[in-house]
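# Survey of secondary and tertiary structure
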Amino acid sequence: MTKRIVELLAPAGSLEALYAALAAGADAVYTGLGAFNARAAARDIELTDFRRACAVAHGRGARVYVTENVYLREGELPAALELARSARDAGADALIVADAGLARAIRAALPDMEVHLSTQAGAMSAAGVRFAARELGVARVTCARELSVDELADLCATDVPIEAFCHGAICICYSGACAFSAIRRGRSANRGDCTQPCRLAYDLVDDDGRARAAVAGDRLLCPRDYLSIRHLRDLVRAGVSALKIEGRMKNPDYVFNVVRTYRAALDALAADGDALDDVHLDELAFQLGMSFNRGFTDAYLRGTSGRELMSFERAINQGVRVGTVVDRGAHEVTVALERAVHAGDTLEIRTILPPDAPADVPVRYPLVPCEVDGRAGSSIRVRCKRRVGVDSPVHLTASARVLAEASDAVERMRAEALELASAPADHMPCPSDLSGQRGTTVPDAAAEVPSPRVQAMPPRSVMLVDDVARARVALRDDPEGEVAVFAWRLAEDAAWEELVGSLTVVLDEPCRRADEDRVRTLCSRARAVVCRNLGQVDIAREAGVPFDVAAPVSATNAATVRWLLGLGARRVWLPDELAVSEVLAIAAAVPTGRVGVLVHGAPQLMVCEHCLLTAEGPCDADHAACSRRRETRYLVEASGAKLPVQVDALGRTRIFDEAPRDLADDLPALREAGVCVLTA
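So, here is what we can say about the structure in this document. These numbers were taken from a predicted model, which means no experiment stands behind them. (Residues numbered from 1 in each chain as written. Predicted model: local features only at pLDDT ≥ 70, side-chain atom pairs only at ≥ 80, totals over all residues. Heavy atoms only, no water.)

## A look at the overall build of the chain
Short version of the rule: Helix and strand definitions follow DSSP, with helices as H or I runs of at least four residues and strands as E runs of at least two, each counted in order from the N terminus. C-alpha atoms define the radius of gyration in this analysis, and the globule rule sets the expected value at 2.2 Å times the number of residues to the power 0.38. In this scheme, a residue with accessible area under 20% of its type's maximum is buried, one over 50% is exposed, and one in between is partly exposed, where area comes from a 1.4 Å probe on protein chains only. Any pair of residues with heavy atoms lying within 4.5 Å of one another is described as a contacting pair. For the accessible areas, the method is Shrake-Rupley and the probe is 1.4 Å, while residue cover comes only from the protein chains on display. Note on charges: Lys and Arg go in the positive column, Asp and Glu in the negative column, and His and the chain ends are not counted at all. Each charge is placed at NZ for Lys, CZ for Arg, CG for Asp and CD for Glu.
Each helix and strand counted, the chain has 19 helices and 30 strands in total. Computed over the C-alpha atoms, the radius of gyration of the chain is 26 Å, within 12% of the 26 Å expected from 2.2 N^0.38 for a compact globule of 680 residues. For the chain, the spread of C-alpha atoms along the principal axes amounts to about 80 × 70 × 45 Å. Taking all 680 residues of the chain together, the buried fraction comes to 58%. Put simply, of all contacts in the chain between residues at least 6 apart along the chain, 70% involve residues at least 24 apart. Per element, the accessible surface of the chain, about 26500 Å² overall, is 50% carbon and sulfur. Between the mean site of the 80 positive side-chain charges and the mean site of the 95 negative ones, the chain shows a separation of 1 Å.

Rendered as structure tokens:
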């Protein structure tokens, strides 16, 4: 048997997908159990089926993880803890959690349960990883997708087990930092109910309304899918403990094909690294392309995030190229094949219009059935009623063979599960046989571990400014008042230097290896800081600077707020996506003056490592000197709504809501509840 050098972790959004993953050779699977997980639309697995699935997985030496990776609202903690208990009792090997309050509650009530930190929590630096392991007791950290191989090696050097994504869809916004769907559509991505605004069409315009995008396509926020197949050797050398495939919304055939491909690559690497050469990798990459993808990218792993990351043209399945149209008739075309195809496959013709096509003929990508087998180097004829030109590329978008092989594998696993279910109880694989960490008794603990006593404070108002002149006026008019500025704005004007010691600096949302020194410098100079990443909390505590905490360190319930206050935070600024009623519920459960909320100002919708302005044309990546950044830009929705765009000196894009938030009518209730207010 080939030695397994890293855990291959597969998605299981349904029982069939779980069976497909196990049949394809996954070392572990992750699934939801119907509530509190970040894929609200997934079918998930019923608890009775889950128990049987765990037994099947354990019988194959595989582990099963349950996702409870949403941010809990006030009052949800007991139910989430009960679900965790049910998952443990049914055979789950670990829970994947984002909410700090829930993580601490699980550690207190179910001390034998392994907890993994979700990527939603935003761990992306060594400081953040160490902090999560020490303060939350997590056994593994799933890190941000945006990290390079070198950055992943830094995280692995902490000796905390690191789980990294290896394949699948990418959110353009840093995980856990996206409020776009919640604020613009009323459905929270951090609650598993994302409306996928990054896959929609947008215009990019300047202050005069002139279009500025210069790319073929209007999916300006749509990244390609993550592909690490050519980096597996580097990821293993970096010390990654687990490679995670995205896709709990994907069909079983997708799961089967992707898992078996990475299984083959990892097994080849373990057996004989030299066997995994470029020819082998090309074949594996082609096999991966036979399942749903928006085109592939390895940009993040290489440390880049420009236009090469993006799928501007379309946000749907693009398959993999198999040939070219070489002749066309009235209702059929001839395709010269570069790769073999089979009867039952679905082909897509990437339309190049004939020279005589009228100017108003739209470009479409017809899907056509392949009715015959065809080997590489041969030609086949396929029916196609739409007009397409010679030289049009032909892609395979659905493989009949993959579908059939996946279906057969699922049926074999289903039969195995039924056979196992009919076996005597003493022959059923037991989770405790696979992990010495799981016991049989659970203490009757409270739903929340106690936090240090936190004193009330007088609620304060904080003014958030965006230019030096306004900051000077605010500091002059109220020397005892608190004036705040975003850290990313400080790089835009050297005049900020003389004011930093009098300001509260709101740190950037990401805190990666390259950001840590800048964070330490600001912690040593600013009057106070607002931490927006777990790594920054660790750095601020070490520096001894007064600090607040704000999203994307999301605190959406009193348990998490109390934990952050117990760490030494002066205040916790609650996420903009919370309703006023939710803010008041949290405020009622914590000491006065220790939570705050934005009452006036444009809420931020997302932050991206990718620079949106690269859609305007070639870029030399010298973000600090880029003249485009100093011009006004808006992202325009199909409705006509104009969303302000800001790109900072590091090339990170921030997108803001169209109109300022205005809670003037709610101010009396907020003040009476002791809530601090932030005004921009």
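## Description of the pattern of salt bridges
Selection rule: By definition here, a salt bridge exists when the distance from a side-chain nitrogen of Lys or Arg to a carboxyl oxygen of Asp or Glu is within 4 Å.
Enumeration over the complete set of coordinates arrives at 67 salt bridges. Note that R85 is salt-bridged to E82, the shortest N-O span being 3.6 Å. One end of the pair, R85, and the other, E82, are both in helix α3 (residues 77-90), three residues apart, so they sit about a helical turn from each other. Overall, E82 belongs to the partly exposed group, its relative accessible area being 42%. The salt bridge involving R628 is made with E616; its shortest N-O contact spans 3.9 Å. Remark: E616 occurs in the loop between β25 (604-608) and β26 (633-636) and R628 occurs in the loop between β25 and β26; sequence separation between them is 12 residues. In this structure, R628 and E616 share a single accessibility class: buried. What emerges from the salt-bridge pattern is a single network uniting D206, D208, R210, R212, E616, R628, E631 and R633.

## Things to note about a negative patch on the surface
Operational definition: The patches described consist of residues with a relative accessible area above 30% and no salt bridge, like charges being joined within 9 Å and nonpolar side chains (Val, Leu, Ile, Met, Phe, Trp, Tyr) within 5 Å.
Taken together, the side chains of D272, D274, D277 and D278 make up a negatively charged region of the molecular surface. With respect to the secondary-structure elements, D278 resides in helix α10 (residues 278-289).

## Considerations on helix α15 (residues 513-525)
For the record, the criterion: This arc describes the spread of directions from the helix axis toward the C-beta atoms.
All buried positions along α15 are accounted for by D515, E516, V519, L522 and C523. Angular distribution of buried residues about the axis of α15 spans 130°; they occupy a single face of the element. Opposite its buried face, α15 presents the exposed residues A514, D517 and S524, each directed more than 90 degrees away. Turning to α15, the residues buried within the fold contact α5 (126-136), α14 (487-490), β20 (504-506), β21 (528-531) and α16 (534-543).

## Quick notes on α10
Our working definition: Given a helix with a known number of residues, its expected span is that number minus one, times 1.5 Å.
Along its 12 residues, α10 runs 16 Å from first to last C-alpha, staying within 8% of the 16 Å computed at 1.5 Å per residue. Three or more residues of α10 are buried, namely L281, L284, A285, F286, L288 and G289. Residues of α10 that are buried in the fold lie against β7 (162-168), β9 (225-227), α9 (252-271), β11 (296-297), β12 (320-328) and β17 (393-398).

## Some thoughts on unusual backbone geometry
The omega torsion across A551 and P552 is 15°, close enough to zero to call that bond cis. Its location among the elements puts P552 in the loop between β22 (547-550) and α17 (558-566). In this structure, Q196 takes a positive phi of about 55° despite not being glycine. Here Q196 lies in the loop between α7 (180-185) and β8 (203-206). Relative accessible area serves as the criterion here: at 41%, Q196 is assigned to the partly exposed category. Unlike most non-glycine residues, D391 shows phi in positive territory, near 85°. Tracing the backbone shows D391 in the loop between β16 (379-383) and β17. For D391, a relative accessible area of 52% gives the class exposed.

## Observations concerning the environment of V530
The topology assignment puts V530 in strand β21. With residues up to four places along the chain from it excluded, the contact list for V530 reads T504, V505, V506, L507, Q536, D548, V549, A550 and W573.

## Some thoughts on the sheet that holds strand β15 (residues 367-369)
Stated precisely, the cut-off is as follows: For two strands to be treated as a pair, DSSP must find at least two bridges joining them. Axes here refer to lines fitted to C-alpha atoms; in helices the fit is confined to the stretch in contact. Angles between the N-to-C directions go from 0 to 180 degrees.
Read from one edge of the open sheet, six strands run β15-β14-β17-β12-β13-β16, paired in antiparallel fashion. The sheet terminates laterally at β15 and β16, the two strands that pair on one side only. Going from strand to strand, the sheet's axes swing by 40° on average, the running direction of each strand aside. Pairing of strand β14 (residues 346-349) with β17 involves four bridges; the strand directions are antiparallel. Among the inter-strand pairings, L347 is bridged to a residue of β17, identified as L396.

## Notes on the nonpolar core
Going by this rule: By convention a nonpolar core is built from buried Ala, Val, Leu, Ile, Met, Phe, Trp, Tyr and Cys residues, the set being connected through side-chain atoms within 4.5 Å.
Counting 188 residues, the largest nonpolar core has I106, L221, I229 and L635 as the members making the most contacts within it. Top contributing element to this core by residue count: α9, with 10 residues. Once residues within four sequence positions are removed from consideration, L221 is found in contact with I172, F180, C198, Y202, M310, M606, L612, L635 and I655. Ranked by size, the runner-up nonpolar core spans 20 residues in total, among them V320, V333, V368 and V388.

## What to know about the packing of helix α2 (residues 47-59) against helix α11 (residues 400-421)
Counted only if it meets this: For classification purposes, angles smaller than 35 degrees are called roughly parallel, those larger than 145 roughly antiparallel, those between 65 and 115 roughly perpendicular, and all remaining angles oblique.
Put simply, α2 and α11 touch, their axes get as near as 10 Å, and they point 100° apart. Taken together, α2 and α11 sit at an angle that is classed as roughly perpendicular. For the pair α2 and α11, the contacting residues are R52, A55 and V56 in the first and M413, E416, A417, L418, L420 and A421 in the second.

## Quick look at the sheet that holds β26
Judged by pairing direction, the sheet is antiparallel, and its five strands sit side by side in the order β8-β26-β27-β28-β25 without closing on themselves. The open sheet has two edge strands with one neighbour each: β8 and β25. Adjacent strand axes in the sheet meet at a mean angle of 30°, parallel and antiparallel pairs treated alike.

## As for the pairing of strand β24 (residues 595-601)
For a regular strand, side chains alternate in direction, first toward one face of the sheet and then toward the other. Burial analysis of β24 places six of its seven residues in the buried class, the great majority of the element. Across four bridges, the pairing between β24 and strand β30 (residues 676-679) is parallel. Note that in β30 the partner of V597 across the bridge is V677. For β24 and strand β29 (residues 661-662), the ladder comprises two bridges, and the chain directions are antiparallel. In the sheet register, H600 faces β29, and the bridge partner there is D662.

## Focus: the packing of aromatic side chains
Convention followed: Think of it this way: a Phe, Tyr or Trp ring, Trp meaning its six-membered ring, pairs with another when their centres are within 6.5 Å, and the plane angle makes it stacked under 30 degrees, edge-to-face over 60, tilted otherwise. Throughout this description, the term charge over a ring refers to an Arg CZ or Lys NZ atom that lies within 6 Å of the ring centre and within 35 degrees of the ring normal.
Scanning the model with the defined rule gives three aromatic pairs in all. When the ring of F131 is compared with that of W563, the centres are 6.0 Å apart and the planes differ by 50°; the resulting orientation is tilted. Remark: W563 occurs in helix α17 and F131 occurs in helix α5; sequence separation between them is 432 residues. By relative accessible area, which is 0% here, F131 ends up buried. Between the aromatic rings of F486 and W488, the centroid separation amounts to 6.0 Å while the plane-to-plane angle is 20°, which identifies the pairing as stacked. Looking at F486, the relative accessible area reads 16%, which means it is buried. Residue classification places W488 among the buried residues on the basis of a relative accessible area of 5%. One Lys or Arg, R314, reaches over the ring of Y365 and ends 4.2 Å from the middle of that ring.

In short, geometric facts, not functional conclusions.
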